[in-house]
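Structural characterization, general
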Amino acid sequence: MLIRLGSWDELAGVVTPIRFCVFVDEQGVPAEMELDEFDGLSRHAVALAGDVPVGTGRLLPDGHIGRMAVLVDWRGRGVGTALLETLILEATRLGMAQLVLSAQTHALGFYARFGFVPEGDAYDEAGLLHQAMRKNLAG
């Protein structure tokens with residue numbers, strides 16, 4: 001498994017189909033909500049199995065991790081772990097003091113294994129139940 005980091009200009013053509021497959025087709029997120037103004041500002045990660053893109057995630061300049069998506073046939077095979085570890089390392093390299101994310105509630109345990117802690121109450125986002133989570137990197 002290779003994880004490649006890059007800008008939106010470099011990786012949009014590779015990560016967009018993954019995000020639409022997972023979020024729009026599988027989870028029913030409205031297509032017009034999937035791409036946003038933060039894509040151009042973010043560092044994007046793509047997981048490659050050989051030449052095949054199988055997962056993605058992004059890191060915003062303010063320390064938000066988001067748009068974590070792994071194709072269904074690749075779940076449970078370490079793709080999400082590799083993506084999240086890469087994004088955490090990139091945030092550390094960039095000197096970020098903390099990370100935040102909006103986890104779908106079914107994935108709380110996954111993020112907790114990496115030190116993310118839930119904050120506040122769960123909430124609806126695009127028809128899916130989410131939970132804010134935070135991880136301190138400094139200290």
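One structure accompanies this document, and this report is about it. Since the structure is predicted, the reported quantities are computational estimates derived from the model, not experimental observations. (Residues numbered from 1 in each chain as written. Predicted model: local features only at pLDDT ≥ 70, side-chain atom pairs only at ≥ 80, totals over all residues. Heavy atoms only, no water.)

1. Quick notes on the pattern of salt bridges
Counted according to the given criterion, the structure contains 10 salt bridges. For the salt bridge of R58 with D36, the shortest nitrogen-to-oxygen distance reads 2.9 Å. Taken together, the positions of R58 in strand β3 (residues 52-59) and D36 in the loop between α2 (31-34) and β2 (43-49) put the pair 22 residues apart, joining distant regions of the chain. When the shortest N-O distance is used, the salt bridge between R43 and E90 registers 3.1 Å. Remark: E90 occurs in helix α3 (residues 79-93) and R43 occurs in strand β2; sequence separation between them is 47 residues. Assessed through its relative accessible area of 29%, R43 is described here as partly exposed. For E90, a relative accessible area of 6% corresponds to the buried category. Each of R19, E34, D36, D39, R58 and R67 takes part in a single network of salt bridges with overlapping partners. (Salt bridge = Lys/Arg side-chain N within 4 Å of Asp/Glu carboxyl O. Helix = DSSP H or I, 4+ residues; strand = E, 2+ residues; numbered from the N terminus. Buried < 20%, exposed > 50% of the residue type's maximum accessible area, 1.4 Å probe, protein only.)

2. A short note on helix α1 (residues 8-26)
Because an α-helix packs 3.6 residues into every turn, residues spaced three or four apart end up facing the same way. Taking 1.5 Å per residue, 19 residues should reach 27 Å; α1 reaches only 23 Å between its end C-alpha atoms and comes up short. Residue V14 marks the point of greatest curvature in α1, where the axis turns by about 45 degrees; the proline P17 follows within four residues. All buried positions along α1 are accounted for by W8, L11, A12, V15, T16, I18, R19, V22, F23 and V24. At its buried positions, α1 is contacted by β1 (2-6), α2, β2, β3, β4 (64-70) and β5 (98-104). Looking at the residues trailing α1, positive phi occurs at G28, about 80 degrees. (Expected span 1.5 Å × (residues − 1). Bend = angle between axes of the 7 residues up to and from the residue. Contact = heavy atoms within 4.5 Å.)

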